[in-house]
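# Reading the structure
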Amino acid sequence: MINVLASVWALLLGIVLIMLGNGMHFTLIGLRGGIEGFSATELAVVTSGYFIGFLSGARVTPDLIRRVGHVRVFAALGSFMSAGLIALPLIAEPWAWTLLRVLIGFCMSGVYVTAESWLNHAASNETRGKVLSAYMIAQTLGIIGAQGLLSLGDAGTSALFIGASILVSVSFAPILLSVTPVPAVEVARPMPLRALFKGSPLGTVGIFLLGSVYATQSGMGAVFGTQIGLDAGQIALFVAMLFAGALVLQYPIGWLSDLMDRRKLIFGTSVLGAAACALGWVTGGNLHALLAAAFLAGGVTTPLYALLLAFTNDALSAEDMPAASGGLVFTFGLGAIAGPLVTGWAMQAAGPAAFWLVLSATFVAMALYALYRMTQRAPLPIEEAESYLNVLPTSSPVAVEAAGAWAAENAEADREEPSPS
């Protein structure tokens, strides 16, 4: 493992720094928006703007890389993203924030595509699983660490936005100074949604609903905290717990996914997520209960994403997996755009508690659909299932395709191993 990390340490360090800056700005939007008097609906539109840009960046960046190369695309996107972060406190208007968030989301998606293509090129078939795991951990630690940095300044000033911009700018130094450009990344054309749904109804519907959950948690969590009167430190801790749970629950859920019918596990984790959100709703503003609810609700979200990807791969042929990966990322993005809009409208109409109600209802919908699908198709034999895909919801099609290919190869190798006599 040490040898694997030694070959990609600069990329991982850069990713941690990028996630520190990006994670700060996500929470700052909610904090500063509350100070500026933005409504929940306005902040929901701002949040969705990020995911509109993110979805666009995943489609456009591969073409940019083919035209001008990794280094130029990486540097340009970093510059625009850094400028967008600085501009946020300068133009504190919902319409301006929405446009800036579209820009930041586009740049961030492009950064993922570029960095993940480098990461994939640096890994071999034998090390790809470990590299993807290290990449996931680096991203998650960066987001969690970003919440701690919020205590170093006041969201009412420009200082924290400037700090986030500096972190993003500095993050490109270790990457650009140590990584050799690689051939242009090739991303398969996304599978049409109708074909994707026909191949894996549960995977398609589940990914859409999970996109709604993830975007609501990451984008509206700070808005919820602001509206119930939490201070900046408590909001940062609340958001950190949404991501900390993933570090703890990813491995056990991944382990279980290779031992049982994945539809049952999707159902069980969705029920756990719904119960956690119900806990957050019934306990009101009790901080400890809110942190526990955030830990569990956020903790099942990331593993569910990887679980749904693995389940979809189980239902498709190896030739269809690359196109399906792009289709799933696109479907997730559609859900991520819709989720905050629905939640913001509900919070505007019914108060902050609607944050938990919308999340719980979405988890329940996922659980019920998984239960329904169990009555429509026989379970896949466990020995024929692909390996669990250890990727994050923020991953671009590059990482999802790479993880899918690794999972298929790993499962095939396991099936070919002679059983011990």
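Fair warning: this is a prediction, and the values are worked out from it, not measured in the lab.

## Quick look at the overall build of the protein
Counting its secondary structure elements, the protein contains 14 helices and zero strands. Secondary structure of the protein in N-to-C order comes out as α-α-α-α-α-α-α-α-α-α-α-α-α-α. When each of the 421 residues of the protein is scored for burial, the buried share is 58%. A fraction of 87% describes how many contacts in the protein between residues 6 or more apart in sequence connect residues 24 or more apart. About 16200 Å² of surface is accessible on the protein, with carbon and sulfur atoms providing 67% of the total.

## Some thoughts on the confidence of the model for the protein
Looking at the protein as a whole, the pLDDT averages 85, with 90% of positions reaching at least 70. For the protein, per-element mean pLDDT is lowest for helix H14 (residues 397–416), which scores 66, and highest for helix H13 (residues 354–374), which scores 95.

## What about the packing of aromatic side chains?
Per the stated rule, a full pass over the model turns up 17 aromatic pairs. Seen in terms of ring centroids, Phe238 and Trp356 are 6.0 Å apart; in terms of plane orientation they differ by 90°. Their pairing is edge-to-face. Residue Phe238 is located in helix H9 (residues 232–257), and its partner Trp356 is located in helix H13; the two are separated by 118 residues in the primary sequence. By relative accessible area, which is 1% here, Trp356 ends up buried.

## A closer look at helix H8 (residues 201–227)
Taking 1.5 Å of rise per residue, the 27 residues of H8 would be expected to cover 39 Å, and the 37 Å separating its terminal C-alpha atoms lies within 8% of that figure. When you tally the buried positions in H8, you get 23 out of 27 residues, the bulk of the element.

## A look at the side chain of Ser360
Checked against the element boundaries, Ser360 lands in helix H13. Ser360 gets classed as buried once you look at its relative accessible area, which sits at 14%. Contacts of Ser360, omitting those with residues within four sequence positions, involve Ala274, Cys277 and Ala278.

## Examining the pattern of salt bridges
Applying the stated criterion across every chain, the model contains two salt bridges. Between Asp261 and Arg263 there is a salt bridge whose closest N-O contact spans 3.1 Å. According to the relative accessible area criterion, Asp261 is buried, its value standing at 16%.

## Comments concerning the side chain of Thr331
Inspection of the secondary structure puts Thr331 in helix H12 (residues 321–350). From its side chain, Thr331 meets the backbone oxygen of Gly327 in a polar contact 2.8 Å long. Residues contacting Thr331, with those up to four places away along its chain left out, are Leu193, Leu196, Thr204, Ile207 and Phe208.

## Details of the nonpolar core
The biggest cluster of nonpolar side chains holds 123 residues, and the ones touching the most others in it are Phe238, Tyr305 and Trp356. Those residues in contact with Tyr305, other than ones at most four positions away along the chain, are Ile207, Leu210, Val329, Phe332, Val391, Leu392, Pro393 and Val400.

## What about the packing of H8 against H12?
Two numbers describe how H8 lies on H12: the axes approach to 6 Å, and their chain directions differ by 40°. In terms of orientation, H8 lies oblique with respect to H12. In this structure, H8 meets H12 at a crossing whose hand is right-handed. In terms of residue class, the contact of H8 with H12 is built from 14 nonpolar, 11 polar and no charged.

## Some details on a nonpolar patch on the surface
Side chains of Ile86, Leu90, Ile91, Trp95, Leu99, Ile162, Ile166 and Val170 sit close together on the surface and give an oily, nonpolar patch of about 800 Å² of accessible area. Going through the elements one at a time, helix H4 (94–122) and helix H6 (159–176) are the ones with two or more residues in the nonpolar patch. Along the chain, the position of Ile86 falls in helix H3 (residues 70–87). Note on Ile86: relative accessible area 36%, which makes it partly exposed.

## Some points on the packing of helix H2 (residues 40–68) against H8
Packing of H2 against H8 brings their axes to within 10 Å, and their N-to-C directions diverge by 155°. Between H2 and H8, the angle falls in the class roughly antiparallel. Once H2 is placed against H8, the crossing between them reads as right-handed. Residues Ala40, Leu43, Ala44, Thr47 and Phe51 of H2 form the contact with H8, whose own contacting residues are Ala215, Ser218, Gly219, Met220, Val223 and Gln227.

Calculation notes
- Residues numbered from 1 in each chain as written.
- Predicted model: local features only at pLDDT ≥ 70, side-chain atom pairs only at ≥ 80, totals over all residues.
- Heavy atoms only, no water.
- Helix = DSSP H or I, 4+ residues; strand = E, 2+ residues; numbered from the N terminus.
- Buried < 20%, exposed > 50% of the residue type's maximum accessible area, 1.4 Å probe, protein only.
- Contact = heavy atoms within 4.5 Å.
- Areas by Shrake-Rupley, 256 points an atom, 1.4 Å probe, with all protein chains shown as cover.
- pLDDT = per-residue confidence, 0-100.
- Phe/Tyr/Trp six-rings, centres within 6.5 Å; stacked < 30°, edge-to-face > 60°.
- Expected span 1.5 Å × (residues − 1).
- Salt bridge = Lys/Arg side-chain N within 4 Å of Asp/Glu carboxyl O.
- Polar contact = N/O pair within 3.5 Å; in protein donor to acceptor, adjacent residues only side chain to side chain.
- Core = buried A, V, L, I, M, F, W, Y, C linked by side-chain atoms within 4.5 Å.
- Axes fitted to C-alpha atoms, helices over the stretch in contact; angles between N-to-C directions.
- Parallel < 35°, antiparallel > 145°, perpendicular 65-115°, else oblique.
- Left-handed = near helix turned anticlockwise from the far one by under 90°.
- Nonpolar A, V, L, I, M, F, W, Y, C, P; charged D, E, K, R; others polar.
- Patch = residues over 30% accessible without salt bridge, like charges linked within 9 Å, V, L, I, M, F, W, Y side chains within 5 Å.

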